[in-house]
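# Close look at the chain arrangement
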Amino acid sequence: MKRTVFISIVGRPNVGKSTIMNRILGEKVAIVSNKPQTTRNCIRGILTEGEDQFVFFDTPGIHRPQNRLGDYMVTAAKSGMQQGDVVMLVVDVNKPVSKTELEVIEYLKREGVPSILVLNKIDTVRREQIAEKIAAYATKHEFDAVVPVSAKSGKHVDEVMDELSKFLRESEWFFPEDVATDQPMRQYVSEIIREKLLRALDREVPHGIAVVIEEYRDTGSLIKIRAEIICEKQSHKQIIIGKGGEVLKKVGMYSREELEKLTGSKIFLDLWVRVKENWREREGLVSNFGYNKKDIDQ
Ligand SMILES: Nc1nc2c(ncn2[C@@H]2O[C@H](COP(=O)(O)OP(=O)(O)OP(=O)(O)O)[C@@H](O)[C@H]2O)c(=O)[nH]1
Ligand SMILES: [Mg+2]
């Protein structure tokens, strides 16, 4: 008897939503960085075990949008929250209960959606702090389960799976058993390059970056990829390229390494940097660069 469950992973930016999804899948499907607002689209991750299929929606962190891109991300997150049979609210155990968590809890109560509270990053705090956080959330909502975890080390992540298993229902599967995501290859490639940029750059520069794949051609012996890195200002372009092209070279090298591992092919990667003044404020450009509200199931 085949069973399925859809799980929405939601929460504030930077709490570890993508990390925990990757950990559960045992594969990197969503990019991760130490900067908030890393994930911009809803990304599906699929785990099939025996007769059971778990379909996860990793969503962008819910925040107060500052521009059109932010509007898109929050719309995508809220739509993703509604796709799940069960909502997994991920919080950073170091952080107090915030407006975002209260907003999610309000939705859970209003719609009567089952939910699991995941207190992440327990590797960074003392045990008493975990108990305090559990008590703080207990006054706000009766979750179906509360699981303190470390997504980074994997500690207690199996308990999250035990809890999620309780929501499996008899149903046909929606995805083949051997796929971990339905993300199109071009999006995957652009995300990997964006991750390397997020890791190489500081402050506001990486937040104003989009990566557009202009060419993706598999010649059999080699995959040729040409990507444009869009940034918001001329000064950002110089930072992205770096002295003597050093930063861009590194980004290219790390991206290529990961793409070769992912595809098992040799990769030729050609990166270009282009300025589109304040593109995050311009609806047309935001949707051109892969963040189109029309693509969101609402
Ligand atoms: N110490 C510690 N760090 C963690 C843990 N889980 C995630 N992190 C780190 O937290 C940062 C954010 O992780 P992400 O998975 O990108 O967070 P996210 O919630 O998906 O963030 P957005 O996509 O921006 O909403 C990264 O630097 C992770 O390595 C954990 O259990 N312990
Ligand atoms: Mg993320």
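Owing to the predicted nature of the structure, the values given are computational and were not obtained by experimental measurement.

## Focus: the side chain of T39
With respect to the secondary-structure elements, T39 resides in the loop between α1 (17-25) and β2 (43-49). A relative accessible area of 7% places T39 in the buried class. Polar contacts involving the side chain of T39 include one to the side chain of S18, which spans 2.9 Å. When near neighbours in sequence (up to four residues on either side) are disregarded, T39 contacts S18, I31, D58, T59, P60 and M73.

## Some points on the packing of aromatic side chains
According to the stated counting rule, one finds four aromatic pairs in the structure shown. For the ring pair F6 and F57, a centre distance of 5.9 Å and an interplane angle of 25° mean the geometry is stacked. A residue pair is termed long-range when its members are at least 10 positions apart, and F6 in strand β1 (residues 3-10) and F57 in strand β3 (residues 52-58) qualify at 51 residues. Owing to a relative accessible area of 16%, F6 belongs among the buried residues under this scheme. Overall, F57 belongs to the buried group, its relative accessible area being 4%. Among the aromatic residues, those joined into a ring-pair cluster are F6, F57 and F174. K2 extends its terminal NZ or CZ atom over the ring of W173, reaching a point 4.4 Å from the ring centre.

## A short note on the pairing of strand β8 (residues 210-218)
One ladder, built from eight bridges, connects β8 with strand β9 (residues 222-231); its direction is antiparallel. Bridge pairing in β9 links I213 to A227. In sequence, β8 turns back onto β9 through a hairpin of three residues, with G220 there showing a positive phi of about 105°.

## Re the environment of L119
One can find L119 in strand β5 (residues 115-120). In the structure, L119 is positioned 111 residues away from S8 in sequence and 16 Å away in space, judged by C-alpha atoms. If sequence neighbours within four positions are ignored, L119 has contacts with V91, V93, I130, K133, I134, Y137, V146, V147, P148 and V149.

## So, unusual backbone geometry
Non-glycine residue H156 carries a positive phi angle of around 65°. What makes H156 partly exposed here is its relative accessible area of 28%. A positive phi angle, close to 45°, is found at N278, a residue other than glycine. By the element assignment, N278 lies in the loop between β10 (266-275) and α9 (283-288).

## Let's talk about the domain arrangement of the chain
Along its sequence, the chain is carved into domain 1 (3-170) and domain 2 (185-295). Here the C-alpha centre of domain 2 lies 27 Å away from the C-alpha centre of domain 1. Contacts between domain 1 and domain 2 engage 19 residues on the former and 26 residues on the latter. Between domain 1 and domain 2 the total buried area reaches about 2,000 Å² when both faces are included, carbon and sulfur atoms providing 50% of it. Between the two partners, domain 1 and domain 2, sit three salt bridges.

## Examining the nonpolar core
The biggest cluster of nonpolar side chains holds 53 residues, and the ones touching the most others in it are F56, M88, L164, I193 and I240. Two domains each donate at least three residues to this core, and these are domain 1 (3-170) and domain 2 (185-295). Those residues in contact with L164 that sit more than four places away from it in its chain are V5, I7, F54, F56, V86, M88 and I116. I62, V87, L89 and L108 belong to the second-largest nonpolar core, a separate cluster that totals 20 residues.

Rules used throughout
- Each chain carries its own residue numbering, running from 1 in the direction its sequence is written.
- Both sets of labels track the order of writing: A upward for chains, 1 upward for ligands.
- Per-residue local features are limited, in this predicted model, to residues with pLDDT of at least 70; the limit for side-chain atom pairs, both in listing and counting, is 80 or more; totals at the level of whole chains, interfaces and linings are taken over all residues.
- To obtain the side-chain values, all non-hydrogen atoms of the structure were used and water was disregarded.
- Under the DSSP-based scheme used, a helix requires at least four consecutive residues in state H or I and a strand at least two consecutive residues in state E, with every element numbered from the N terminus.
- Exposure classes here rest on a 1.4 Å probe applied to the protein chains alone. A residue is buried below 20% of its type maximum, exposed above 50%, and partly exposed in between.
- Polar contacts, as used here, are pairs of N or O atoms within 3.5 Å; protein pairs need one atom able to donate a hydrogen and one able to accept it. Residues neighboring in sequence count only if both atoms are side-chain atoms.
- What makes two residues a contact is simply this: any of their non-hydrogen atoms within 4.5 Å.
- Any pair of Phe, Tyr and Trp rings, taking the six-membered ring for Trp, is counted once the centres come within 6.5 Å. Such a pair is stacked with planes under 30 degrees apart, edge-to-face with planes over 60 apart, and tilted for the rest.
- Placement of a positive charge over a ring is assigned whenever Lys NZ or Arg CZ falls within 6 Å of the ring centre and within 35 degrees of the normal to the ring plane.
- Whether two strands pair depends on DSSP finding at least two bridges between them.
- Per the annotation, domain bounds derive from an automatic or database assignment of domains.
- Values labelled buried area give the accessible surface lost by two parts on being combined, using a 1.4 Å probe and summing over both.
- Here a salt bridge means any side-chain nitrogen of Lys or Arg lying within 4 Å of a carboxyl oxygen belonging to Asp or Glu.
- The definition of a nonpolar core used throughout is a set of buried Ala, Val, Leu, Ile, Met, Phe, Trp, Tyr and Cys residues joined through side-chain atoms within 4.5 Å.

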